[in-house]
Amino acid sequence: MQLFDLDLSGFEPVNHLWPQMVERLGGDTSSRAVRQALDLFGMRGSPGLMPALLVETCGVALLDRQQLRRVTGLPVAFDGDQLVLISRRSSELQLLQWSS
């Protein structure tokens, strides 16, 4: 697995990344991208990690929950069903809650 260093401390929390992604890609493609991030988490994740989806490329990654909470101040659960959408282009991120 390849690791990338992405500093999210300057990223702004927003609530519009998911609707924009659905508008741009459509509901089915957006849902498949989220499913891929969840599948990666299911295969390689652990309680201290969470899935992430890069909205511009639909790339997937795993992020450390505590680090994300510390650098962004967001209410990231220490475990649970959360996914983070990341826009590197606009330096924005959005937490999504999903139900299994």
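Residues numbered from 1 in each chain as written. Predicted model: local features only at pLDDT ≥ 70, side-chain atom pairs only at ≥ 80, totals over all residues. Heavy atoms only, no water.

1. Comments concerning the pairing of strand β4 (residues 82-87)
Counted residue by residue, β4 has six buried out of six residues, so it is predominantly covered. With burial as the criterion, each face of β4 is covered, one bearing Q82, V84 and I86 and the other bearing L83, L85 and S87. By the bridge criterion, three bridges tie strand β2 (residues 49-54) to β4 in an arrangement that is parallel. Following the sheet pairing, A52 is matched in β4 by V84. Here six bridges tie β4 to strand β5 (residues 92-97), and the two strands are oriented antiparallel to one another. When the sheet's bridge partners are listed, I86 is paired in β5 with L93. A loop of four residues connects β4 with β5, the two strands running antiparallel in sequence, and S91 in this loop sits at a positive phi of about 55 degrees. (Buried < 20%, exposed > 50% of the residue type's maximum accessible area, 1.4 Å probe, protein only. Helix = DSSP H or I, 4+ residues; strand = E, 2+ residues; numbered from the N terminus. Pairing = 2+ DSSP bridges.)

2. A word on the side chain of T72
Along the chain, the position of T72 falls in helix α3 (residues 65-72). A polar side-chain atom of T72 sits 2.5 Å from the main-chain carbonyl oxygen of L68. Only 3.2 Å separates the side chain of T72 from the backbone nitrogen of L74, close enough to count as a polar contact. If we ignore the near neighbours within four places in the chain, the residues touching T72 are L8 and L93. (Polar contact = N/O pair within 3.5 Å; in protein donor to acceptor, adjacent residues only side chain to side chain. Contact = heavy atoms within 4.5 Å.)

3. Some points on the pattern of salt bridges
Counting across every chain of the model gives one salt bridge. Between R35 and D39 there is a salt bridge, with its nearest N and O atoms 3.2 Å apart. Placement of the pair is R35 and D39 together in helix α2 (residues 27-44), with a separation of four residues, close to one helical turn. Residue class for R35 comes out partly exposed when judged on its relative accessible area of 46%. (Salt bridge = Lys/Arg side-chain N within 4 Å of Asp/Glu carboxyl O.)

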